[in-house]
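Read off the chains here:
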Amino acid sequence: MANVSRIHRELMQFNKDQSILGMSLMPDDQDIRHLTATIPGPISTPYEGGIFHLDITLPDGYPFEPPKMRFTTKVWHPNISSQTGAICLDILKNNWSPALNLKTALISLQALLSAPEPKDPQDAVVAKQYIGDYATYVATARRWTEDFAKASSAGFGGKVQKLVEMGFPEALVKKTLEAVGGDENMALERLCPK
C-alpha cells in the first residue's frame, strides 16, 4: 500500500509552493492515490500560455515505485504520445528514487516541455518531425497548444463566477476547475459534499 502519510505531506508542501510553481495538484475525493495536476507551458516554447492537465496514479509501492503519469491534454511533443498522453521520462521509469516526489516529477515534466529529447522518443512521428522539419514541429506544437491547452481557459472566468455565486470559495473553485480541465459539472461534483 502506498505511504498515505507521505502523500499527505507531499500535498501539504506542494500547496505551500503552489503560487510559486504555477501548478496544481489535487487528489481524488475517493482515492488519495489518484490525483490530477496542471502545469503551465514554459515561457519561450511552443507550449507557452497553455495549461496542461495530467492524470496521476500512485502505485502500491509508492514512493519506492514511480508515479504513473500521463497527459490528458493533447500535446505535440517527441516524448509524449500524441495519442495516449504516455510520457517518456527517465525519472518516471528506471531513474525514479524515493528521494523524488510529485513536485519534482511535475517540475521535470515542465522542463521536458522546454527541452525535448527526440533521440529517446515516445512518439516517433513527432520526433522525426522535430529532427527533420523543426519549423513545422514548432508550428504544430503551437497549434495544438492553442487548440487543446488553451481551450479549457475559454470562459474560465464565467465558470468561476457561476460557482462562486453558488457559495463556494473562489480559490477552491479555481483550483477545482483547473484540476478537472475546466469541466464545470465535474468541478461541481467535487465541490459538493457527498
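Reading the values: the criteria
- Residues numbered from 1 in each chain as written.
- Predicted model: local features only at pLDDT ≥ 70, side-chain atom pairs only at ≥ 80, totals over all residues.
- Heavy atoms only, no water.
- Helix = DSSP H or I, 4+ residues; strand = E, 2+ residues; numbered from the N terminus.
- Core = buried A, V, L, I, M, F, W, Y, C linked by side-chain atoms within 4.5 Å.
- Buried < 20%, exposed > 50% of the residue type's maximum accessible area, 1.4 Å probe, protein only.
- Contact = heavy atoms within 4.5 Å.
- Salt bridge = Lys/Arg side-chain N within 4 Å of Asp/Glu carboxyl O.
- Pairing = 2+ DSSP bridges.
- Axes fitted to C-alpha atoms, helices over the stretch in contact; angles between N-to-C directions.
- pLDDT = per-residue confidence, 0-100.
- Polar contact = N/O pair within 3.5 Å; in protein donor to acceptor, adjacent residues only side chain to side chain.
- Arc of directions from axis to C-beta.
- Phe/Tyr/Trp six-rings, centres within 6.5 Å; stacked < 30°, edge-to-face > 60°.
- Lys NZ or Arg CZ within 6 Å of the ring centre and 35° of its normal.

S.K.: Talk me through unusual backbone geometry; I want residue IDs and the actual numbers.
M.R.: In the segment running from Tyr62 into Pro63, the intervening peptide bond is cis, with an omega of 15°. As for its placement among the helices and strands, Pro63 is situated in the loop between strand E3 (51-57) and strand E4 (68-71).

S.K.: Describe the nonpolar core, and please don't skip the residues or the numbers.
M.R.: Ranked by internal contacts, the top residues of the largest apolar core, which has 39 residues, are Leu106 and Leu109. Within the residue set of this core, elements represented by two or more residues are helix H1 (4-21), strand E2 (34-40), E3, E4, helix H2 (102-114), helix H3 (124-132) and helix H4 (134-149). Broken down by element, the residue count for this core peaks at six residues, all from H2. Excluding residues that lie within four positions of it along the chain, Leu109 makes contacts with Ile39, Leu54, Met69, Phe71, Ile87, Leu89 and Leu92. Membership of the second largest hydrophobic core comes to eight residues, among which are Val160, Val173, Leu177 and Val180.

S.K.: Quick one: what's the story with the pattern of salt bridges, residue by residue and with numbers?
M.R.: For the structure shown, the criterion picks out six salt bridges. One salt bridge in this structure joins Glu10 and Arg6, with 2.7 Å as the shortest N-O distance. With Glu10 and Arg6 both in helix H1 and four residues apart, this pair spans about one turn of that helix. Residue Asp31 is joined to Arg33 by a salt bridge in which the shortest nitrogen-to-oxygen separation is 3.9 Å.

S.K.: Can you lay out the pairing of E4 for me, pointing to particular residues and giving the numbers?
M.R.: The alternating pattern of E4 places Met69 and Phe71 on a buried face, while none of Lys68 and Arg70, on the opposite face, is buried. Strand direction decides the pairing type here: E3 and E4, joined by four bridges, are antiparallel. Along E4, the bridge assignment pairs Asp55 with Arg70.

S.K.: For the sheet that holds strand E1 (residues 24-27), give the residues involved together with the corresponding values.
M.R.: Spatially, E1-E2-E3-E4 is the arrangement adopted by the four strands of the open sheet, whose pairing is antiparallel. The open sheet has two edge strands with one neighbour each: E1 and E4. The average angle at which neighbouring strand axes cross in this sheet is 20°, direction not considered. Pairing of E2 with E3 involves seven bridges; the strand directions are antiparallel.

S.K.: Outline the confidence of the model for the chain, supporting the account with residue identities and numerical values.
M.R.: Summarising the model, the chain shows a mean pLDDT of 90, and 95% of its residues fall at 70 or more. Mean pLDDT across the elements of the chain ranges from a minimum in helix H5 (residues 156-165), with 80, to a maximum in H3, with 97.

S.K.: A description of the environment of Arg6 should follow, citing residues and the corresponding values.
M.R.: Using a relative accessible area of 14% as the deciding quantity, one classes Arg6 as buried. Separated by 30 residues in the primary sequence, Arg6 and Thr36 have C-alpha atoms spaced 17 Å apart. In contact with Arg6, not counting residues within four places along its chain, are Tyr62, Pro63, Pro98, Leu100 and Asn101. Within polar-contact distance, the side chain of Arg6 engages the backbone oxygen of Leu100 at 2.4 Å.

S.K.: Before we move on, could you go through helix H7 (residues 184-191) and cite the residues and values that matter?
M.R.: Where H7 is concerned, the buried positions are Ala187, Arg190 and Leu191. Taken down its axis, H7 places every buried residue within 95° of arc, on the same side. Exposed residues on H7 whose side chains face more than 90 degrees from its buried face are Asn185 and Glu189.

S.K.: Tell me about the packing of aromatic side chains, residues and numbers included.
M.R.: Enumeration over the complete set of coordinates arrives at eight aromatic pairs. Centroid distance Tyr62 to Trp96: 6.0 Å. Interplanar angle 40°. Geometry classified as tilted. Of this pair, Tyr62 sits in the loop between E3 and E4 while Trp96 sits in the loop between E4 and H2, and the two are 34 residues apart along the sequence. Under the relative-accessibility criterion, Tyr62 is labelled buried at 1%. For Trp96, a relative accessible area of 10% corresponds to the buried category. Centre to centre, the rings of Tyr130 and Tyr134 are 5.2 Å apart; their planes meet at 85°, and the pair counts as edge-to-face. Connected via pairs of aromatic rings, a cluster forms that spans Tyr47, Phe52 and Phe71. The side chain of Lys74 reaches across the aromatic face of Phe148, ending 5.8 Å from its centre.

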